[in-house]
Amino acid sequence: MLKRCSHFDLETSRENALFACDAIVHERQKQLDECEAQLLEALGAAVKQEKKLGHLGSESLFMEYVRFARNKGFGDWDASKMVIGFLDKSGAPQVEEKPIYTPIELTDEMKANSWAHREKTHEIRRLTKELVGRLRSLRFFCAVRDLQKQKETLVNVPCPACKIGEVPLTEVAVLSCCGHMGCLACVKEYAERGECVYSSVGRCSSVARSTNVVRGMTLGVDDKERDGEGRHYGVKLEKVADLIK
Ligand SMILES: [Zn+2]
Ligand SMILES: [Zn+2]
């Protein structure tokens, strides 16, 4: 990403900037797709293991994950919805509350199988965390791309906090930590207390900082008309690159 951004110093033409942003979105989408496929496969395997094991006198780590996924989610509404879809597809049970188990004596084989099941669940947890990160990253680059293209295709940005249905483009802000957008005033206000503007509707628990707030206008493709400062892509995208570690 940083390597890509450095190209903008040399290539300041609009087509190149848009093309490069499209390429980043494409790449991030591919990474997300791969992560999704891995998670779906791991969930399928864990559901099979769970069925084979039966109940072992206590809630398995996997069932705890399923319960958590179905009831609480992973701090990002879109990612959580995606995981629930995968759970349903894999045939994972619906669990609302932790069931009461009667402890039983485990055989060595049961212990070994349950250990493998735990390991699979660790993998699932890691992939879920990765999925949230990848989804947020893709969301951010899609927002950047859309704002860059705002002249051709109008971007309709609502603000979840003040409930404005269509934030004027001059007031649009996007968070580099999760890609969520809203009006500058609300995005800033929430970021100052460490939250994403979508925490107002319980859809994102990303830790946002003031340094994560990117003004939509600074991403526009038509410099002079948009910000009157005649900035170049190099500066803009360098700034974006600075926000992403
Ligand atoms: Zn607002
Ligand atoms: Zn967010």
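Relevant structure appears above.
Here goes a summary of the coordinates provided. For clarity, every value in this text was computed on a predicted model and none was experimentally measured.

Glancing now at the overall build of the protein. Looking only at helices and strands, one finds 8 helices and 3 strands in the protein. When the elements of the protein are put in sequence order from the N terminus, they spell out α-α-α-α-α-β-β-α-β-α-α. Taken over 245 residues, the protein has a buried fraction of 44%. Roughly 13,400 Å² of accessible area belongs to the protein as shown, and the carbon and sulfur atoms make up 52% of that amount.

Moving on to the coordination of the zinc ion (ligand 1). Taken together, the protein donors to the zinc ion (ligand 1) comprise Cys 159 (SG), Cys 162 (SG), Cys 183 (SG) and Cys 186 (SG), at separations of 2.3 Å. The site at the zinc ion (ligand 1) holds 4 donor atoms, and with the angles between them running 98 to 114°, its shape is tetrahedral. Residue Cys 162 is classed as partly exposed on the basis of its relative accessible area of 36%.

This paragraph deals with the coordination of the zinc ion (ligand 2). Around the zinc ion (ligand 2), the protein contributes the donor atoms Cys 178 (SG), His 180 (ND1), Cys 196 (SG) and Cys 204 (SG), at 2.1 to 2.4 Å from the metal centre. With 4 donor atoms in place around the zinc ion (ligand 2) and angles of 105 to 116° between them, the coordination shape is tetrahedral. Read from N- to C-terminus, the donor residues coordinating the zinc ion (ligand 2) fall into the pattern C-x1-H-x15-C-x7-C. With Cys 178 in the loop between strand S1 (172–175) and strand S2 (181–183) and Cys 204 in the loop between helix H6 (184–192) and strand S3 (213–215), this pair connects stretches of sequence that are 26 residues apart. Neither Cys 178 nor Cys 204 differs from the other in exposure class; each is buried.

Attention shifts here to the packing of helix H3 (residues 61–71) against helix H5 (residues 108–148). At a minimum axis distance of 8 Å, the contact between H3 and H5 shows a crossing angle of 30°. Classified by the angle their axes make, H3 and H5 are roughly parallel. Residues Leu 61, Phe 62, Glu 64 and Tyr 65 of H3 lie in contact with H5, whose contacting residues are His 117, Arg 118, Thr 121, His 122, Ile 124, Arg 125 and Thr 128. Here the contact of H3 with H5 is built from residues that sort into 4 nonpolar, 4 polar and 3 charged.

With that out of the way, let us pick up the packing of aromatic side chains. Within the structure shown, the criterion is met by 4 aromatic pairs. Each ring, one from Phe 68 and one from Phe 74, has its centre 5.9 Å from the other, and the planes form 50°; the classification is tilted. Between the NZ or CZ atom of Arg 193 and the centre of the ring of Tyr 190, over which it lies, the distance is 4.2 Å. The cationic tip of Arg 203 hangs over the ring face of Trp 77; the distance from NZ or CZ to the ring centre is 3.5 Å.

Right, let's talk about the pairing of S1 for a bit. Burial of S1 is two-sided: the residues Val 172 and Val 174 facing one way and the residues Ala 173 and Leu 175 facing the other way are all buried. Note: S1 against S2, 3 bridges, orientation antiparallel. Bridged to Val 172 within S2 is Cys 183. In this structure, the hairpin formed by S1 and S2 is closed by a connection of 5 residues, where Gly 179 is found at a positive phi of approximately 85°. Here S1 runs beside S3; their pairing, made up of 3 bridges, is antiparallel. Its bridge partner lying in S3, Leu 175 is registered against Val 213.

Before going further, it helps to examine the side chain of Glu 59. Following the sequence through the fold, Glu 59 ends up in the loop between helix H2 (14–53) and H3. Assessed through its relative accessible area of 16%, Glu 59 is described here as buried. Residues within four places of Glu 59 in sequence aside, it is in contact with Glu 64, Arg 67, Lys 98, Pro 99 and Tyr 101.

Conventions and cut-offs
Within every chain, residues take consecutive numbers counted from 1 along the sequence as written. To read the labels, note that chains go from A and ligands from 1, taken in the order they are written. At least 70 in pLDDT is required for a residue's local features to be given in this predicted model, at least 80 for side-chain atom pairs to be given and counted, and no such filter applies to totals for whole chains, interfaces and linings, which use all residues. Remark: hydrogens and water are excluded; side-chain values derive from all non-hydrogen atoms of the structure. Helix numbering and strand numbering both begin at the N terminus, where a helix is a DSSP run of H or I of at least 4 residues and a strand a DSSP run of E of at least 2. Exposure categories follow from relative accessible area, calculated using a 1.4 Å probe and restricted to protein chains: below 20% of the type maximum is buried, above 50% is exposed, and the middle band is partly exposed. Note that accessible areas follow from Shrake-Rupley with a 1.4 Å probe, and for residues the cover is restricted to the protein chains shown. Only nitrogen, oxygen and sulfur atoms qualify as donors, and only when within 2.8 Å of the metal (3.2 Å in the case of Na, K and Ca); with water excluded, sites may look incomplete. Sites are called tetrahedral only when four donors show all angles between 85 and 135 degrees, square planar or octahedral only when four or six donors show opposite pairs over 155 degrees and all other angles between 65 and 115, and irregular in any remaining case. Angles here are taken between N-to-C directions and fall from 0 to 180 degrees, while the axes themselves are lines fitted to C-alpha atoms, restricted in helices to the stretch in contact. Orientation labels follow simple angle bins: below 35 degrees gives roughly parallel, above 145 gives roughly antiparallel, 65 to 115 gives roughly perpendicular, and whatever is left gives oblique. Contacts are residue-level and defined by heavy atoms, with any inter-residue pair within 4.5 Å sufficient. We call Asp, Glu, Lys and Arg charged. Ala, Val, Leu, Ile, Met, Phe, Trp, Tyr, Cys and Pro are nonpolar, and the rest, Gly among them, are polar. Only rings of Phe, Tyr and Trp enter the pairing, Trp through its six-membered ring, and a pair is recorded when the two centres are within 6.5 Å. The plane angle decides the type: under 30 degrees is stacked, over 60 is edge-to-face, the rest tilted. Whether a charge sits over a ring depends on NZ of Lys or CZ of Arg being within 6 Å of the ring centre and within 35 degrees of the ring normal. Paired strands are those between which DSSP finds at least two bridges.

Nothing here speaks to function; it is all geometry.
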